[in-house]
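Listed here are the chains, written in short residue letters.
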Amino acid sequence: LHVFLGLPSQRLNIAYAPVDMVQIRGGVLDDVNEVVIGDVSWSGSLPNMLIFHWCHRPLQQKEEEINAAYDAADHLAEHNM
């Protein structure tokens, strides 16, 4: 992703990039609240979430986890959190 967005990095690169690689337009999102990757934890605000991504997880597990997240958010909202 860093390579495609043109972000500076000394460590990340594509080993054998195609000569005709398409240039894309992109931007940086707030990864604390807007974009959440479920495998690496999260401590943001549910109303600010735009995307929640699970990598290769069974649908049943995803359903259980999103229901738990909504339940937790409801309980926290009662305490203005």
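Computed from a prediction, not measured in an experiment: that's the story for all the values here. Throughout this description, residue numbers start from 1 for each chain and increase along the sequence as written. Local features in a predicted model are, by the rule used here, given only for residues with pLDDT of at least 70; side-chain atom pairs are given and counted only at 80 or more, and totals for whole chains, interfaces and linings are based on all residues. Hydrogens are left out, water is left out, and the side-chain values use all remaining heavy atoms of the structure.

1. Overview of the overall build of the chain
Stage number 1. Helix and strand content of the chain: two helices and two strands.
Stage number 2. Starting at the N terminus and ending at the C terminus, the chain contains elements arranged as α-β-β-α.
Stage number 3. We call a residue buried when its accessible area falls under 20% of the maximum for its residue type, exposed when it is over 50%, and partly exposed in between, using a 1.4 Å probe and counting protein chains only. Per-residue burial for the chain yields a buried fraction of 7% across its 81 residues.
Stage number 4. Considering only intrachain contacts with a sequence separation of at least 6, the fraction spanning at least 24 residues in the chain is 5%.
Stage number 5. In the form shown here, the chain has an accessible surface area of approximately 7,200 Å², with 55% of it arising from carbon and sulfur atoms. A run of H or I in DSSP becomes a helix once it reaches four residues, and a run of E becomes a strand once it reaches two; helices and strands are each numbered from the N terminus. Contact definition: two residues touch when any of their heavy atoms are within 4.5 Å. The Shrake-Rupley method, run with a 1.4 Å probe sphere, supplies the accessible areas, and residue values consider only the shown protein chains as cover.

2. Concerning the confidence of the model for the chain
In regions of low pLDDT, the predicted coordinates are not meant to be interpreted in detail.
Stage number 1. Values of pLDDT, which run from 0 to 100, indicate the predictor's confidence residue by residue. Mean pLDDT over the chain: 77, with 74% of residues reaching 70 or higher.
Stage number 2. Element-level pLDDT for the chain is lowest in helix α1 (residues 2–5), with a mean of 64, against a maximum mean of 87 in helix α2 (residues 59–77).

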